[in-house]
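# Coordinate analysis (summary)
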Amino acid sequence: MTPPRASGQKAVPTTPGRTVPARRVVVVGGGISGLASAALLAREGYAVTVLEQRDQLGGRAGSWERDGFRFDTGPSWYLMPEVFDHFFQLLGTSADAEMELIKLDPGYRVYSEGHDEPIDLLADREANIALFESIEPGAGDRMRKYLDSAADTYAMAVRRFLYTTFEDLTKLAAPDVLRRLPKLARLLLQPLSTFASKAVRDRRLWQVLGYPAVFLGTSPYAAPSMYHLMSHLDLADGVLYPKGGITEVIAAVERVARREGVTIATESPVEQILVEDGHVTGVVHRDATGARHTLPADLVVSASDLHHTELHLLGPEHRTYPEAHWRKRDPGPSAVLAYLGVDGPVPGLLHHTLVFTEDWQANFGAIFGKDRHVPDPASIYVCAPSLTDDSVAPEGTSNLFVLVPLPADLSIGKGGIDGAGDAEVERIADRAIDVIAERAGVPDLRDRIRVRRTIGPQDFADDYNAWSGSMLGPAHTLAQSAFFREKNVSGRVQGLYYAGASTTPGIGLPMCLISAEVLLKRIHGDTSTEPLPTPLPSPVGSSRTAG
Ligand SMILES: Cc1cc2nc3c(=O)[nH]c(=O)nc-3n(C[C@H](O)[C@H](O)[C@H](O)COP(=O)(O)OP(=O)(O)OC[C@H]3O[C@@H](n4cnc5c(N)ncnc54)[C@H](O)[C@@H]3O)c2cc1C
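Residues numbered from 1 in each chain as written. Predicted model: local features only at pLDDT ≥ 70, side-chain atom pairs only at ≥ 80, totals over all residues. Heavy atoms only, no water.

### Here's the deal with the domain arrangement of the protein
- Here the protein is described as being made up of domain 1 (1–62 + 76–100 + 246–329 + 476–547), domain 2 (124–237) and domain 3 (331–464).
- Taking the mean C-alpha position of each, domain 1 and domain 2 sit 30 Å from one another.
- With 29 residues of domain 1 in contact, the opposing surface of domain 2 contributes 26 residues.
- Of the roughly 2,600 Å² buried at the junction of domain 1 and domain 2 (both faces included), carbon and sulfur atoms supply 65%. (Domains from an automatic or database assignment. Contact = heavy atoms within 4.5 Å. Buried area = accessible area lost by both parts, 1.4 Å probe.)

### What about the pairing of strand β14 (residues 292–296)?
- Where strand β13 (residues 279–286) lies against β14, five bridges are found, and the strand directions are antiparallel. Looking at β14, one finds that G282 is bridged to P296.
- Between β13 and β14, which pair antiparallel and follow one another directly, the connecting turn spans five residues, one of which, G290, has a positive phi of 95°. (Pairing = 2+ DSSP bridges. Helix = DSSP H or I, 4+ residues; strand = E, 2+ residues; numbered from the N terminus.)

### Some thoughts on the packing of aromatic side chains
- Evaluation of the coordinates by the stated rule reveals 27 aromatic pairs.
- Here the aromatic rings of F69 and F71 are separated by 6.1 Å at their centres, their planes lie at 20°, and the arrangement is stacked. F71 matches F69 in its accessibility class, with the two residues each being buried.
- Where F364 meets F368, the ring centres are 6.1 Å apart and the plane angle is 25°; that geometry is what we call stacked. With F364 and F368 both in helix α14 (residues 360–368) and four residues apart, the pair spans about one turn of that helix.
- In this structure F368 comes out as buried when scored by relative accessible area, which is 15%. (Phe/Tyr/Trp six-rings, centres within 6.5 Å; stacked < 30°, edge-to-face > 60°. Buried < 20%, exposed > 50% of the residue type's maximum accessible area, 1.4 Å probe, protein only.)

### Re a nonpolar patch on the surface
- A contiguous nonpolar surface patch, about 290 Å² in accessible area, is contributed by L169, F483 and F484.
- Looking at the secondary structure, you find L169 in the loop between α5 (139–162) and α6 (175–179). (Patch = residues over 30% accessible without salt bridge, like charges linked within 9 Å, V, L, I, M, F, W, Y side chains within 5 Å. Areas by Shrake-Rupley, 256 points an atom, 1.4 Å probe, with all protein chains shown as cover. Salt bridge = Lys/Arg side-chain N within 4 Å of Asp/Glu carboxyl O.)

### Observations regarding the state of the cysteines
- Under the counting rule described, the total for this entry stands at zero disulfides.
- Looking at the unpaired C383, the closest cysteine sulfur is the one in C512, lying at 19 Å.
- Under the relative-accessibility criterion, C383 is labelled buried at 4%.
- In this structure C512 comes out as buried when scored by relative accessible area, which is 8%. (Disulfide = S-S within 2.5 Å.)

### Focus: the sheet that holds strand β17 (residues 352–356)
- Here we have seven strands laid out as an open sheet, ordered β9-β8-β17-β18-β19-β16-β20, and mixed in their pairing. A strand with exactly one partner marks an edge of an open sheet, and here the two such strands are β9 (119–121) and β20 (449–455). Each adjacent strand pair in this sheet contributes to an overall mean axis angle of 20°, direction not counted.
- Strand direction decides the pairing type here: strand β18 (residues 380–383) and strand β19 (residues 397–406), joined by three bridges, are antiparallel. Bridge pairing in β19 places V382 opposite V402.
- Sheet strands touched by helix α9 (residues 203–210): β8 (108–112), β9 and β17. Its angle to β8, the strand with the most contacts, is close to 130°. (Axes fitted to C-alpha atoms, helices over the stretch in contact; angles between N-to-C directions.)

Right, dumping it as structure tokens:
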């Protein structure tokens, strides 16, 4: 039976047969998953406080401004729009009510090494099928089947695999899953790279089907072909852009959290999660002045990276995932990022542009293989949001966000402003800028840069306590996906829960919103697999603290 949801008077079960009043929740980390978890818990009547170590909210989805340019520091693709909408609907609002969403058409551009002309992927499924056919006769029909399968697999994932704690695996033995078992087995065991090569032979098209593995922190050679469902998102569903940038998504999630009564404190790093008699009792944290405080809590939700939570906030005896556990896990890739404010237009780019090297085996091998090193040449992603949104750059200039995926290796170093980063980070950024200059037809790009900031793996570790400087969190290989991924509840400490990219369901903004909902299910012992009905009921007679 599903235990009662918490309200002003209700109780939350901890150990079987024992219930304690669980009114106060501390959430560690004010990234999207911490904010979303806080909002949902407050909706249920908990008194929630979010403690964020940095001076801004959003975590990896942060914002940085200089000289009239405003950069999203991390994510830039708004995919799975119905997941965002569902989250807001749980709280009685909608994505459209909270943000202005613009459909990008074309959705994105791809340059492939060895080809001068780019391919522009469109906002419409049939248009993309026709595009594939025009490049590779015969590929259109195969793509139609591929996209049908992607849509079907995606719908099944939403129904069965994303919104679940995996606490009751028998729930997965639903008729729709059982019917697909032979196909699912194939999709789990075959890598995406092989699966995609059956649909298309042209290398450029194959790369279009393979690159989404990077969204999952892995490579198309390691991602199970189950993840071909990602092609439904970018080739059929289309790519949206929230006006003002991804920072507006964070602002919207913060807004609904505050509306539900969440208290939010920035510059408040948590140093320790307190445990007594096997039950969480609160946290020790600093405030903006550096003073140390103890904040009691009945539940603690850590939405910081799990590696950090387990190894740095808990004593050895309270760790579910000790040091030895992580030695067998893959932290996922890191990256060098560059935020560039550039004079004039950059004509060869679209809002999203991907530049792929020819030899992906070598490229991905360098990032994810046994002998990890910086790939050279590297594949590159560039976002130019100023093409869609004039609020992110002064008139007559361009805002560029550049991402070069790399191994999670702290020795690559950290970035800096105006070339002040470590030499290797600046060198990687320079190489990427030169590639963009050539592809975009702007040979003097370097001279036109008036704002430049770089980020390296060490920055991810320093800024977010990321394991090995991982950009995204544990890679979605088969061994680190679904019920193999780290659970969202401590196995050692009652009342301690986890949310965010390093637990289920995983990496990416929509996944992190789902992790907040899965957290709620975990607290209630709700083993259902489908999204919760909307809106979540508000508690009767609960007192809320405005944040
Ligand atoms: C460069 C880049 C590009 C990306 N691109 C996309 C994209 O296009 N689309 C997409 O959907 N996703 C993308 N992602 C992934 C997405 O941004 C993340 O999966 C998501 O933002 C993670 O959210 P989170 O809340 O789990 O973690 P985080 O955002 O890392 O938040 C964790 C928070 O916890 C705080 N914290 C850590 N330790 C403590 C402590 N001890 N005390 C208090 N606070 C603490 C951190 O400061 C941080 O604010 C990208 C990520 C990066 C880095």
